[in-house]
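Inside the fold
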Amino acid sequence: MLITHEKWPRTAQDAEAEQERLAGSVDVSTPLAPFRYIAGLDVAYAIDSSRVAGAVVVLDADTLAVEDMATAVMDVEFPYVSGLLAFREMPALITALGRLSVDPDVLVCDGYGIAHPRRFGLACHLGVLAGKPAMGVAKTAFVGQAAEPGIQRGEAADLVHGGEVVGAVLRTQLSTKPVFVSPGHLITASDATRLALRLATKYRLPETTRLADQLSRRALAGA
DNA sequence: GCGACAG
DNA sequence: ATCTTGTCGC
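Computed from a predicted structure; not experimentally measured.

**A closer look at the protein's contact with DNA strand C**
In the vicinity of DNA strand C, the residues found are Ala-44, Tyr-45, Ile-47, Lys-139 and Arg-217. Counting only atoms of DNA strand C within 4 Å of the protein, the fraction found in sugar and phosphate groups is 100%. Of the residues that constitute the surface near DNA strand C, the class distribution is three nonpolar, no polar and two charged.

What follows is the structure in structure tokens.
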């Protein structure tokens, strides 16, 4: 899967302008069509944040068996700025995606989609550049408000921001802390929430992000 | 003006 | 994000 990203911003000002420019092409009203391969993406940082390892795992949508995986270790060039996470993590993720043999149909990212200050989180950015469905699953709150979902697995509450439903706070396992799901591109909030739940078969986080997390740490350690 | 702030 | 094993609790 090839993604080109030229004129990558180097300053926060340029990065924000880029997000506002690309936010217009986000589509979160198209239902997710049947698909075969689902990708999980995550990154790990060196203790001094000088290097980053991006990892992507591709699973069979039905069996969740691992079909392919790829990593990319590189120097970190963009600082961590809340709301601009994509500019820090995407170079490594895009490079890893380019090393895959199996082309994924849906991208499940570690972070947010439209539940973002400018409606353009990491999942939106990757989805738009790839031209594929993408969604985000985050572990902690960012923007928006939501009621506390029930303690049963599968219970969820709308995540509202700026008067709009931008995702959901979803309980993936009984009595565990809920996760924050938001659509990124070519998927609806409800479809993203359903998929997140289906992927969280045994743990709080979806298998996609769990596997990508482990892979990224291994890549960083062995590089 | 004072906090909060994905990873 | 990252430093970190076993351990207490549901």
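After that view of the structure, there is still more to cover.
**Notes on the state of the cysteines**
This model, assessed by the stated rule, comprises zero disulfides. Cysteine Cys-109 shares no disulfide, and the gap to the nearest cysteine sulfur, in Cys-124, comes to 9.1 Å. The buried category is assigned to Cys-109, whose relative accessible area is 1%. For Cys-124, a relative accessible area of 0% translates into the label buried.

**Quick look at unusual backbone geometry**
Glycine aside, a negative phi is what most residues show, and trans is what most peptide bonds show. The residue Leu-64 is not glycine, and still its phi comes out positive at about 65 degrees. Looking at the secondary structure, you find Leu-64 in the loop between strand 2 (51–60) and strand 3 (66–75). You can call Leu-64 buried: its relative accessible area is 17%. For Ser-175, which is not glycine, the phi torsion reads 65 degrees and is therefore positive.

**Some words on the packing of aromatic side chains**
Taken as a whole and judged by the stated rule, the model has four aromatic pairs. With 5.4 Å between their ring centres and 50 degrees between their planes, Tyr-112 and Phe-142 make a pair best called tilted. Of this pair, Tyr-112 sits in the loop between strand 4 (106–110) and helix 3 (122–130) while Phe-142 sits in the loop between strand 5 (134–138) and strand 6 (156–161); the two residues are 30 residues apart in sequence, bridging distant segments of the chain. Judged by relative accessible area, Tyr-112 falls into the buried class, the value being 8%. When its relative accessible area of 34% is taken as the criterion, Phe-142 is described as partly exposed. Every member of this aromatic cluster is reached through a ring pair, and the members are Trp-8, Phe-78 and Phe-87.

**A word on the UniProt feature "binding site: Mg(2+)" (unreviewed entry) in chain A**
The UniProt feature table records "binding site: Mg(2+)" (unreviewed entry) at Asp-42 and Asp-110. Considering the C-alpha atoms alone, the annotated residues occupy 69 residues of sequence yet fold into one spot, their largest mutual distance being 5.7 Å. Its place among the elements puts Asp-110 in strand 4. Overall, the relative accessible area of 18% leaves Asp-110 in the buried class. If we skip the residues at most four places from it in the chain, Asp-110 touches Leu-41, Asp-42, Leu-122, Val-137 and Lys-139. Engagement of the side chain of Asp-110 in a polar contact is seen with the side chain of Lys-139, the distance being 3.0 Å.

**Some points on the protein's contact with DNA strand B**
The full set close to DNA strand B counts 19 residues, and Tyr-80, Gly-83, Tyr-112, Lys-139 and Thr-140 are the nearest of them. Taken together, the sugar and phosphate atoms account for 47% of what DNA strand B places within 4 Å of the protein. One of the backbone N or O atoms of Gly-83 is found 3.0 Å from a base nitrogen in DNA strand B. In the environment of DNA strand B, a sugar or linking oxygen lies 3.1 Å from a nitrogen or oxygen atom belonging to the side chain of Asp-110. A total of three residues in the surface near DNA strand B trace back to one element, the largest contributor, which is helix 2 (residues 85–98). Taken together, the residues of the surface near DNA strand B break down into eight nonpolar, six polar and five charged.

What counts and what doesn't
Residues numbered from 1 in each chain as written. Chains lettered and ligands numbered in written order. Predicted model: local features only at pLDDT ≥ 70, side-chain atom pairs only at ≥ 80, totals over all residues. Heavy atoms only, no water. Near = heavy atom within 4 Å. Nonpolar A, V, L, I, M, F, W, Y, C, P; charged D, E, K, R; others polar. Disulfide = S-S within 2.5 Å. Buried < 20%, exposed > 50% of the residue type's maximum accessible area, 1.4 Å probe, protein only. Helix = DSSP H or I, 4+ residues; strand = E, 2+ residues; numbered from the N terminus. Phe/Tyr/Trp six-rings, centres within 6.5 Å; stacked < 30°, edge-to-face > 60°. UniProt positions renumbered as here; feature names shortened; annotations may be inferred. Contact = heavy atoms within 4.5 Å. Polar contact = N/O pair within 3.5 Å; in protein donor to acceptor, adjacent residues only side chain to side chain.

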